[in-house]
Amino acid sequence: MDLVDWLFNKVIRLYVKCFLILAILMFVLTSFVEAHLMSYVVFVWTTIHLLLVFFAFYFHTRLKLLIKDDLNKLVTVISSNNINKKNDPISVISLYPSYIPEEIKTVDTSARVVFASLKDFPFVHCIARTIHNFSYYRYDWLKIDKLEFDESFDSLRVGDLILYHNMRSIIGKIIRLFTRCYWEHTAMYLGNGVIVEAVPAGVIESNFSDWLSNNDVELAILRLEIDREQQSKTIEFMKSSVGKKYNYMGVVNNFWVIITGKSCDGLMTPLTFFTNLLLLGTVYLYYFNVPELPRIGLLLLIFSSLYMFDCIYHWLAYSPSLNLLFESINEKSRN
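Residues numbered from 1 in each chain as written. Predicted model: local features only at pLDDT ≥ 70, side-chain atom pairs only at ≥ 80, totals over all residues. Heavy atoms only, no water.

Draft legend 1. Local environment of the overall build of the protein. Within the protein, the secondary structure is distributed over 13 helices and six strands. Counting only residues that meet the buried cut, the protein has 44% of its 335 residues in that class. For the protein, the share of sequence-separated contacts (at least 6 apart) that also reach a separation of at least 24 residues comes to 76%. When the accessible surface of the protein is split by element, carbon and sulfur atoms take 62% of a total near 18,500 Å². (Helix = DSSP H or I, 4+ residues; strand = E, 2+ residues; numbered from the N terminus. Buried < 20%, exposed > 50% of the residue type's maximum accessible area, 1.4 Å probe, protein only. Contact = heavy atoms within 4.5 Å. Areas by Shrake-Rupley, 256 points an atom, 1.4 Å probe, with all protein chains shown as cover.)

Have a look at this one:
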């Protein structure tokens, strides 16, 4: 097991870093090496990746069985995979130290108490199968009562987070479908009725009153638990971001995390396993039918490998000391 841990957590990570360089080198070699020989190299390379997928799926499944009936273990794995991910609305809600301000009236009168208790268990949305009411982890109960909101904005503070839900937005519906969160967009309050938000056109300042007056828009307001120095730095950062381009790469990366199944426990699912088999099978199919064009085979291998690398890596899945780790967790929970 020590060898497996070393292989996947050291060698594979190094291999991932060097993969594109190796692929480019292979592209260059296709100009000097016979096509049938290069096709054979692609075949062997694809087979190695196929073996990696099978090994990874075995160890990921092994870890899933270990955490299946133990909530403490499940939370440990989920936490390790999500603790640094704060790039989508549900992670912002779950992970940032925040609370519902006393002066903000929510539609659900129990929202403030429930939200405070959820801070002790920030990854509740990742274990939805343990929750009967699915709206509970979607956080729709955070929405404010817009009719009771003070339009002078006296109830807001600079630095407050504002969550946004547009009932008629097609893009919003797509975002909510993938993130499984009620809120598709966030903004920060800068004062004097002005908010800063990131939209496809870039980072801009907008009037909060436009959101309040839109009957199709529902809102929630959270206040960060930070000191004045942190607040000043946050506001300064947001102001300096105005005018910058929209982070499309971040959106693509977040979407990638979701479709590869790494948004919760980070472990391979049967769907991601068979998707890998399908992608690698495409490379094999091309090899057996068009071996005289190895460059196309290399392109297919590169495409399939990017998905594969993201699926197979999980720092905890290959650890030889899982039982010791989980025993210490259970001991702490008993104490």
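Draft legend 2. Region of interest: the pattern of salt bridges. The tally for this structure, following the rule as stated, stands at six salt bridges. With a shortest N-O distance of 3.6 Å, Lys143 and Glu218 are connected by a salt bridge. One end of the pair, Lys143, is in the loop between α6 (135-138) and β2 (161-166); the other, Glu218, is in strand β6 (residues 217-224), and 75 residues separate them in sequence. Of the residues examined, Lys143 reaches a relative accessible area of 23% and is grouped as partly exposed. Overall, the relative accessible area of 17% leaves Glu218 in the buried class. Glu184 serves as the salt-bridge partner of Arg176, at 2.8 Å between the closest nitrogen and oxygen. Per residue, the accessibility class of Arg176 equals that of Glu184, and both read buried. Shared partners join several salt bridges into a network, and the residues in it are Glu103, Asp160 and Arg223. (Salt bridge = Lys/Arg side-chain N within 4 Å of Asp/Glu carboxyl O.)

Draft legend 3. Seen up close, the sheet that holds strand β5 (residues 202-207). Strand order in the open sheet formed by six strands is β1-β6-β2-β3-β4-β5, and the pairing between neighbours is antiparallel. Two strands in the sheet have a free side with no partner beyond their single neighbour: β1 (98-99) and β5. Judged from the four bridges that link them, strand β3 (residues 185-191) and strand β4 (residues 194-199) form a sheet pairing that is antiparallel. When the sheet's bridge partners are listed, Met188 is paired in β4 with Val196. (Pairing = 2+ DSSP bridges.)

Draft legend 4. Broad picture of the side chain of Asn276. When you line up the elements, Asn276 lands in helix α11 (residues 270-289). Looking at Asn276, the relative accessible area reads 0%, which means it is buried. The contacts of Asn276, once residues within four sequence positions are left out, are Val53, Met268, Ser304, Tyr307, Met308 and Cys311.

Draft legend 5. Quick look at the confidence of the model for the protein. Chain-level pLDDT for the protein is 81 on average; 84% of the residues reach the 70-or-more range. When mean pLDDT is compared element by element in the protein, β5 scores highest at 93, while α6 scores lowest at 54. Under a pLDDT of 50 for its full length, residues 129-136 has, in the predicted model, 11 contacts with residues more than four places off or in other chains. (pLDDT = per-residue confidence, 0-100.)

Draft legend 6. Region of the structure containing the environment of Tyr58. The topology assignment puts Tyr58 in helix α2 (residues 35-67). Its relative accessible area of 53% is what places Tyr58 among the exposed residues. Along the chain, Tyr58 and Ala317 lie 259 residues apart, while their C-alpha atoms are 9.5 Å from each other.

Draft legend 7. Fine view of the environment of Glu102. Turning to its location among the elements, Glu102 is positioned in the loop between β1 and α5 (111-118). A relative accessible area of 64% places Glu102 in the exposed class. Along the sequence, Glu102 and Ser155 sit 53 residues apart, while their C-alpha atoms lie 8.9 Å from each other.

Draft legend 8. Structural detail: the pairing of β6. Counting buried positions over the eight residues of β6 gives eight, a clear majority of the element. In this structure, β2 lies alongside β6, joined through six bridges in antiparallel fashion. If you follow His165 over to β6, its bridge partner there is Glu218.

Draft legend 9. Layout of the packing of α11 against helix α12 (residues 294-312). Between α11 and α12, the least distance of the axes is 9 Å, while the angle of their chain directions is 165 degrees. If you check the angle between α11 and α12, you find them roughly antiparallel. α11 and α12 meet at a crossing whose hand is left-handed. Residues Thr272, Thr275, Asn276, Leu279, Leu280, Thr282, Val283 and Tyr286 of α11 form the contact with α12, whose participating residues are Ile296, Gly297, Leu300, Leu301, Phe303, Ser304, Tyr307, Met308 and Cys311. Across the contact of α11 with α12, the residue classes break down as 11 nonpolar, six polar and no charged. (Axes fitted to C-alpha atoms, helices over the stretch in contact; angles between N-to-C directions. Parallel < 35°, antiparallel > 145°, perpendicular 65-115°, else oblique. Left-handed = near helix turned anticlockwise from the far one by under 90°. Nonpolar A, V, L, I, M, F, W, Y, C, P; charged D, E, K, R; others polar.)

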